[in-house]
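Residue-level structure breakdown
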Amino acid sequence: MAESKVRKKAGARKQRDAQESTPRVKAPGSRRWVPPVFITVGLLGAAWLVVYYIAGRQIPFMGDLGNWNILIGMGLMASSFVIATQWR
């Protein structure tokens, strides 16, 4: 015949409850800076790509960068999503 599960001792339960009731460290204060920053960085990345595709050859530094412009635009948009994870 199978044995029933053994209950935990009352002392172990008290220790676990004491550990759970310890105060938690709160996150830093307000993060009101996050929405404007991630929107700005995302729009900057999209604008970079639009300008590159429309007039990239006429702008001297964009023409020199070549296909790196795609990486710059996509990198700005990706960093916008990373910044968005900081929002609470």
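Description of the structure in this document.

Cut-offs applied
- Residues numbered from 1 in each chain as written.
- Predicted model: local features only at pLDDT ≥ 70, side-chain atom pairs only at ≥ 80, totals over all residues.
- Heavy atoms only, no water.
- Helix = DSSP H or I, 4+ residues; strand = E, 2+ residues; numbered from the N terminus.
- Buried < 20%, exposed > 50% of the residue type's maximum accessible area, 1.4 Å probe, protein only.
- Contact = heavy atoms within 4.5 Å.
- Phe/Tyr/Trp six-rings, centres within 6.5 Å; stacked < 30°, edge-to-face > 60°.
- Expected span 1.5 Å × (residues − 1).
- Arc of directions from axis to C-beta.
- Axes fitted to C-alpha atoms, helices over the stretch in contact; angles between N-to-C directions.
- Parallel < 35°, antiparallel > 145°, perpendicular 65-115°, else oblique.
- Left-handed = near helix turned anticlockwise from the far one by under 90°.
- Nonpolar A, V, L, I, M, F, W, Y, C, P; charged D, E, K, R; others polar.

1. Here we look at the side chain of serine 80
- As for its position among the elements, serine 80 is in helix H4 (residues 68–84).
- Looking at serine 80, the relative accessible area reads 7%, which means it is buried.
- Other than its neighbours up to four places away in sequence, serine 80 contacts Phe38, Val41 and Gly42.

2. A closer look at the packing of aromatic side chains
- Tallying each qualifying case throughout the model produces three aromatic pairs.
- Each ring, one from phenylalanine 38 and one from tryptophan 87, has its centre 6.0 Å from the other, and the planes form 50 degrees; the classification is tilted. One end of the pair, phenylalanine 38, is in helix H2 (residues 34–55); the other, tryptophan 87, is in the segment after H4, with 49 residues separating them in the sequence.

3. Thoughts on H2
- Given a rise of 1.5 Å per residue, 22 residues ought to cover 32 Å, and the 31 Å separating the end C-alpha atoms of H2 matches this to within 8%.
- Of the residues making up H2, those classed as buried are Val34, Pro35, Phe38, Val41, Gly42, Gly45, Leu49 and Tyr52. The arc that holds every buried residue of H2, seen down its axis, measures 155 degrees, which confines them to one face. The outward face of H2, more than 90 degrees from its buried face, is lined by the exposed residues Thr40, Leu43 and Ile54.
- Tucked into the core, H2 has its buried residues touching helix H3 (60–65) and H4.

4. Digging into the packing of H2 against H4
- Interhelical geometry of H2 versus H4 gives an angle of 165 degrees and a closest axis separation of 8 Å. In terms of orientation, H2 and H4 fall into the roughly antiparallel class. Regarding H2 and H4, the two cross each other, and that crossing is left-handed. Residues Val34, Val37, Phe38, Val41, Gly42, Leu44, Gly45, Ala46, Trp48, Leu49, Tyr52 and Tyr53 of H2 pack against Asn69, Ile70, Ile72, Gly73, Met74, Leu76, Met77, Ser79, Ser80, Ile83 and Ala84 of H4.
- In the contact of H2 with H4, the residues fall into 17 nonpolar, six polar and no charged.

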